[in-house]
Amino acid sequence: LNTSEYFSLTSDSWAGFIADAQNRLPVSPRLLVLALCNIPLVAIALNVLWQLIAPRDPSLPPVVFHWLPFIGSAPSYGNDPLKFFFDCREKYGDVFTFVLFGRRVTVALGPKGNNFVLGGKSVALSAEDAYTHLTTPVFGKDVVYDVPNDVFMEQKKFVKVGLSVENFRAYVGMIDEEVQQFLRRDAAFQVFQKNSTEEWSSFDVLKVLSEITILTASRTLQGKEVRDSLDKHFADLYSDLDGGFTPINFLFPNLPLESYRKRDVAHKKMSQFYQDILRKRKAGASEYEHDMMAALMNQTYRNGRPLADHEIAHIMIALLMAGQHTSSATGSWTLLHLAEKPEIAEALYREQVEHFGSGDGHFRNMEYDDIKKLPVLDSVIRETLRVHPPIHSIMRKVRDEVIVPPTLSAPSQDQSFVVPKGHFVLACPAVSQVDPRIWKNADNWDPTRWSDPEGAAAKAFTEYTDDNGEKIDYGFGLVSKGTDSPYQPFGAGRHRCIGEQFAYLQLGTIIASLVRNLELRLPGPFPAHNYHVSTGIGSVWMHC
Ligand code: HEM
């Protein structure tokens, strides 16, 4: 029996199961089976009893009640983390601990909770200790969470060199061209290809956006050789690597399963693929443009050592993985909302006509500086990231016990909690981004909220970008701290996303390009989040 089968047995089937086992075995093994079958029940009873009667240590955050020892609240958290967190907030307040497969995870909600987790010092709250077992088998050695934090901060600085405005200027045209080519080529867009205005066709939104995202990211950041190699073989390698980047891999770093084996094989091949490109570039055997690999090839650490080929290869894999699901899921949700609210799609279209229309039904090419000045497009993306941030849980492992400030743990009692060493802390900006205490009609996707200068959105955005305030250098250049804001789709503090500008540029160009060419409709009800898949969204078909 696997775990879920085991726990789904009703008491009747338990009785049948035990009776059956007893009949088939001689006396003493029968007793053994009986005892073994009762161990879980006894463990559950003890676990419940312990939570009900054991005196609670007032210095620790309250622990979320759970029936199952070890597994803890994993089913509720895994099914719908936001509902779980909102429910827990009602019972326990903004700070509470839940058990997740033997780990103790302390959640700190709200803007103050975000600040506590994301603004914490890396010596006490470590991202590498929380994530390395998940990321290192996928990205590879000597980068990101496989190195001390200060080395990773230097690597983030190197990547920022490849994310320059000069490069961005070249990227807009490339992305637009890739989208146009996709529409002209892909079988799902045959009606568009026939230039028919009478018929409708359908496409799977996540599938299309995933393909467009990888095509555009490889044409720009990843470089010419990667774009030219985007065939079935590359797609399979990517898919095997991605299969090693799931919640199960976070919980169990190594299991004797096929997906883990495929992950390891795919990593070796992918690493070799990038290192071969580097070798050819260095030997002058291939032409290349100003992409990320070119930028990384010129970087040296503070101690004068240049980045090694395997480090560049592994950073490239990390960037590929970091930008793929995040951008394809955000693009998919955006299109779904535009299909649901055609009046917003129409406003987007009109914005395109106003800025780029040539008067004869055609559009002039988009430029980077134009994209930055399109308020409707900007609000549509910001609002989608508010309601559907692709990363809902951001964790750190506690290296040295930390004190949760009283203002956060129990504002009325002036009491602070301690989170012990070895526990995890978790921030969920996704909660503060749809908190009805902060936002009007919080669950409603309404891009117009971003144009109200007095509204919660404007305040949250100013806090996030800290345009007039605090900028900090964590080792990768000055960035807005932004840890106090209720709006943090790209995280905050020293681990803040460095792909933010690229993501806006990529998503903005893709959406503008699609809106210029397609009218979208939703054939069924608006889909709910699906937290069982890593993209947060399953297969959804829409009309165009
Ligand atoms: C970090 C979100 C696109 C590269 C993060 C974090 C979030 C995030 C929430 C913070 C993680 C943490 O604190 O543990 C997003 C979203 C994206 C996006 C919503 C798109 C819509 C990208 C892209 C790239 C990228 C396109 C690469 C070009 C990174 C890197 C980090 C990061 C390198 C730093 C991780 C760290 O310092 O620990 N991102 N990201 N992201 N992201 Fe993104």
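Residues numbered from 1 in each chain as written. Predicted model: local features only at pLDDT ≥ 70, side-chain atom pairs only at ≥ 80, totals over all residues. Heavy atoms only, no water.

(A) Looking closely at the site of the ligand. Residues in contact with the ligand amount to 25 residues; listed here are only the nearest, Tyr145, Lys156, Arg396, His495 and Cys497. A distance of 2.7 Å separates an oxygen atom of the ligand from a polar side-chain atom of Lys156. Taken together, the elements giving at least two residues each to the shell around the ligand come down to helix 8 (149-162), helix 17 (309-340), strand 5 (394-398) and helix 24 (500-517). A total of six residues in the shell around the ligand trace back to one element, the largest contributor, which is helix 17. Along the lines of polarity and charge, the residues of the shell around the ligand split into 16 nonpolar, seven polar and two charged. (Near = heavy atom within 4 Å. Polar contact = N/O pair within 3.5 Å; in protein donor to acceptor, adjacent residues only side chain to side chain. Helix = DSSP H or I, 4+ residues; strand = E, 2+ residues; numbered from the N terminus. Nonpolar A, V, L, I, M, F, W, Y, C, P; charged D, E, K, R; others polar.)

(B) Highlighting the coordination of the iron atom of the ligand. Of all protein atoms, just one serves as a donor to the iron atom of the ligand, and that atom is Cys497 (SG), at 2.3 Å. Along the chain, Cys497 turns up in the loop between strand 10 (478-480) and helix 24. (Donors = N, O, S within 2.8 Å, 3.2 Å for Na, K, Ca; no water.)

(C) View of the pairing of strand 8 (residues 424-427). Residues Phe424 and Leu426 line one face of strand 8 and the alternating positions Val425 and Ala427 line the opposite face, and both faces are buried. Sheet topology note: the strand 2 (residues 103-108)/strand 8 ladder contains four bridges and is parallel. Looking across to strand 8, one finds that Val107 is bridged to Leu426. Examined bridge by bridge, strand 5 and strand 8 share four bridges and lie antiparallel to one another. Bridge pairing in strand 8 links Lys397 to Phe424. (Buried < 20%, exposed > 50% of the residue type's maximum accessible area, 1.4 Å probe, protein only. Pairing = 2+ DSSP bridges.)

(D) Region of the structure containing the environment of Ala294. As for its placement among the helices and strands, Ala294 is situated in helix 16 (residues 292-297). Overall, the relative accessible area of 8% leaves Ala294 in the buried class. Counting along the chain gives 133 residues from Ala294 to Val161, while the straight-line C-alpha distance between them is 9.9 Å. Those residues in contact with Ala294, other than ones at most four positions away along the chain, are Arg281, Tyr288 and Glu289. (Contact = heavy atoms within 4.5 Å.)

(E) Up close: the sheet that holds strand 2. The strand order 1-2-8-5-3 describes an open sheet built from five strands, whose pairing is mixed. Every other strand in the sheet has two partners, leaving strand 1 (95-100) and strand 3 (125-126) as the edge strands with one partner each. The sheet strands contacting helix 6 (residues 110-118) are strand 2, strand 3, strand 5 and strand 8, and the helix crosses strand 8 at an angle near 135°. Here helix 7 (residues 127-139) sits on the sheet in contact with strand 2, strand 3, strand 5 and strand 8, set at roughly 110° to strand 5. (Axes fitted to C-alpha atoms, helices over the stretch in contact; angles between N-to-C directions.)

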